[in-house]
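Coordinates in review
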Amino acid sequence: MSATVVKRRVRTGTGLGLVAWLAGIVFFLPIAWMALTSFHSEADAATNPPSFAASLTLDGYREFFGTGGGASPWPALINSTVASVVSTACVLLLALPAAYALSIRPVRKWTDVLFFFLSTKMLPAVAGLLPVYLFAKNTGMLDDIWLLVVLYTSMNLPIAVWMMQSFLAEVPAAVIEAARVDGARLPTVLARVVAPIALPGIAATALICFIFSWNELLFARVLTGVVAETAPVFLTGFITSQGLFLAKVCAASLVISLPVLAAGFAAQDKLVQGLSLGAVK
């Protein structure tokens, strides 16, 4: 390889690195702006253009956590945690055997099955809102957190099956055949052979389903009231037609975003590995 080619590749790599850093900074700036605004007073947060030298305060966080006499966010945060974690666990339990059947033990016309799963995500959520509301009303499940668990499981299951099918397709068939020869039944094969090998893909799927469940607002807004109120619904209560609320909303948004950011940071290596499975043949 000539020196000219090496230099050209070095320059290309440096340029791509700079572009990646620039893109990262662009995506990080709104979060940094929101975090800075959350530490300002309402008067300083409402100035245009914003004042970066304004004094810092924790008033927005005090308002969010209800120390000033407002509603406590802890029930809403607990509801979001229960709905997101339980629904994600249910999705993984259902998606793993389905993806196994569509990849390692493919059924006839399995591509049609996958496209049918994906087509269910093309239905606008608002189109199913009224039937779901009527069902919840007639069954007495309005303002019930377990209704949200069922909804989030059904909403995230198609995309989870689609993702995990491509991940499980990378599992060597010889390893599974060896386990079956040793007498392992299907549950054992899934739990002790397939799941450990496809763990990065499973982690990536779980993280995406958790984020989708945590951020869901439409159904939670319509189907819940006080008992099953989730964190995004609680956040909308800070927006009023009168008064200043920008700093308080930024503080609430930052706190509510922390579980998703923490989960993404903790699973970032598995997420990268999972999303890159199948990219190189």
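Whatever comes next refers back to the structure up there.
Residues numbered from 1 in each chain as written. Predicted model: local features only at pLDDT ≥ 70, side-chain atom pairs only at ≥ 80, totals over all residues. Heavy atoms only, no water.

Attention now moves to the pattern of salt bridges. Within this structure, the stated rule accounts for one salt bridge. The residue R62 makes a salt bridge to D59 at a minimum N-O spacing of 2.8 Å. Remark: D59 and R62 occur in helix α3 (residues 59-64); sequence separation between them is three residues, near one turn of the helix. Using a relative accessible area of 43% as the deciding quantity, one classes R62 as partly exposed. (Salt bridge = Lys/Arg side-chain N within 4 Å of Asp/Glu carboxyl O. Helix = DSSP H or I, 4+ residues; strand = E, 2+ residues; numbered from the N terminus. Buried < 20%, exposed > 50% of the residue type's maximum accessible area, 1.4 Å probe, protein only.)

Before going further, it helps to spend a moment on the side chain of T88. By the secondary structure assignment, T88 is in helix α4 (residues 74-103). Discounting residues that sit within four places of it in the chain, T88 has contacts with A206, C209 and F210. (Contact = heavy atoms within 4.5 Å.)

Here we take up the packing of α4 against helix α7 (residues 145-168). As a packed pair, α4 and α7 sit with axes 6 Å apart at the nearest point and diverge in direction by 35°. At the point where α4 passes α7, the crossing takes the right-handed sense. A class-by-class count of the residues in the contact of α4 with α7 yields 22 nonpolar, six polar and no charged. (Axes fitted to C-alpha atoms, helices over the stretch in contact; angles between N-to-C directions. Left-handed = near helix turned anticlockwise from the far one by under 90°. Nonpolar A, V, L, I, M, F, W, Y, C, P; charged D, E, K, R; others polar.)

Further remarks concern a nonpolar patch on the surface. Where nonpolar side chains cluster on the molecular surface, the patch consists of F28, I31, L258 and L261 and spans about 370 Å² of accessible area. Elements represented by at least two residues in the nonpolar patch include exactly α1 (3-38) and α13 (246-266). Within the secondary structure layout, F28 lies in helix α1. (Patch = residues over 30% accessible without salt bridge, like charges linked within 9 Å, V, L, I, M, F, W, Y side chains within 5 Å. Areas by Shrake-Rupley, 256 points an atom, 1.4 Å probe, with all protein chains shown as cover.)

With that settled, consider the side chain of T230. Mapped onto the elements of the fold, T230 is located in the loop between α11 (218-223) and α12 (231-236). For T230, the contacting residues outside a window of four places in its chain are A76, N79, S80, L148 and A220.

With that settled, consider the nonpolar core. Ranked by size, the top nonpolar core spans 27 residues in total, and within it Y100, M164, L168, I176 and V194 carry the most contacts. In terms of residue count, α7 provides more of this core than any other element does, seven residues in total. In this view, M164 contacts L92, A95, L96, A99, I202 and T205; residues no more than four positions away in its chain are not counted. Judged by nonpolar contacts, the second largest core, of 19 residues, contains M34, F64, A251 and I256. (Core = buried A, V, L, I, M, F, W, Y, C linked by side-chain atoms within 4.5 Å.)

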